[in-house]
Amino acid sequence: MSDADVPWSLPHREVGSRLEELRERRGLTQSAVVDLLGGRDIRTNVSSLSKLENGRLKRLPSGLVEALLDLYETESETRRYVLGLLSVDTTPAGRRRRPPLWRRHAALLGPMKFEPYLQLERKAARLRNHQQRLVPGLLQTRGYAQRTIETMRPELSAPDVRGLVDVRMDRQRQVLGGGVLHEFQALLDEEVLRRQVGDEAVRRDQLQHLLDLTEQGEVAIRVLPDSIGIHPGLAGPFVLMGFDDAGQDVVWCELARRSVYFDQSEDVAYYDGVFTDLWERALSPADTRALIKKMI
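Residues numbered from 1 in each chain as written. Predicted model: local features only at pLDDT ≥ 70, side-chain atom pairs only at ≥ 80, totals over all residues. Heavy atoms only, no water.

## Observations regarding helix α2 (residues 30-38)
Thought 1: The complete set of buried residues in α2 reads Q30, V33, V34, L37 and G38. Considered in projection along α2, the buried side chains sweep an arc of 135° and stay on one side of the axis. (Buried < 20%, exposed > 50% of the residue type's maximum accessible area, 1.4 Å probe, protein only. Helix = DSSP H or I, 4+ residues; strand = E, 2+ residues; numbered from the N terminus. Arc of directions from axis to C-beta.)

## Let's talk about the packing of aromatic side chains
Thought 1: For the structure on display, the rule yields six aromatic pairs.
Thought 2: Relative to Y271, the ring of F238 has its centre 4.9 Å away and its plane inclined at 55°; by these criteria the two rings are tilted. With F238 in strand β4 (residues 238-242) and Y271 in helix α14 (residues 265-281), the pair connects residues that are 33 residues apart, well separated along the chain.
Thought 3: Owing to a relative accessible area of 2%, F238 belongs among the buried residues under this scheme.
Thought 4: Taking the centre distance of 5.6 Å and the plane angle of 20° together, the rings of F275 and W279 count as stacked. Here F275 pairs with W279, and both are found in helix α14, just four residues apart, close to one helical turn.
Thought 5: The class for F275 is buried, based on a relative accessible area of 1%.
Thought 6: Looking at W279, the relative accessible area reads 13%, which means it is buried. (Phe/Tyr/Trp six-rings, centres within 6.5 Å; stacked < 30°, edge-to-face > 60°.)

## Describing the pattern of salt bridges
Thought 1: If you walk through the whole model with that rule in mind, you get 18 salt bridges.
Thought 2: R26 is the salt-bridge partner of E73, the closest N and O atoms lying 3.5 Å from each other. A residue pair is termed long-range when its members are at least 10 positions apart, and E73 in the loop between α4 (62-71) and α5 (76-85) and R26 in the loop between α1 (9-25) and α2 qualify at 47 residues.
Thought 3: Note on E73: relative accessible area 59%, which makes it exposed.
Thought 4: A relative accessible area of 39% means that R26 is categorised as partly exposed.
Thought 5: The network of salt bridges with common partners includes R122, D170 and R173. (Salt bridge = Lys/Arg side-chain N within 4 Å of Asp/Glu carboxyl O.)

Structure (structure tokens):
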């Protein structure tokens, strides 16, 4: 991924969008802003200001952002919001402060480009996940996760498999119990429930876990029945992430050995449309629970 494509560009874009809006409200051109800042001994240029407003600067210069907020005579609430977004540390030093578990397994997570996903997942207020082959990682039991990882990644050693399972279980604790996430919609093809992963005990425990989650109301789970036939979601699993402090969702598509990130509006709109259509065509929550009980 290039610097412009890493997911930390999400807060960058939101900061830039707000600054552009504030500038236009003041009736100022970018050139005029550069001149006014120069009069305050703050050096920048139109190119840098344009990149800042478009969320394409590698780093968010807090001094410049604060100077712009002063110049635009920004009200206190908006000012706090914009400065709050600057707390998302995009520097190499900031990335070194990642959780110890991630550092311990960096050799595994790095090639998969999975750490950026883990970072954003912890900040997401809304998750919409479609899976047509396996139970989503956030909903897997330890036994199911163990069998999945060791089967799909046969090149890994037993300690590496255990490490990735530990990361997955930690994700569940941090995301589902972290207090940030308040909406999780999991859409599963019926094939996911029928697929044999491990022995019957592993499969039964996993089905029971899904049933418990639906009955506790922690996660909204719907099953897309086989009768739907072929549909756009069969192209591959994806996750739509929504954030309270950003104006748009982002999309992650998981591949065999890495994940791919999209934040362009047309990409987000496409996946949003696919998920919404399939969610409406899926079994109701009550029928989903009945199906899982029958399988158990």
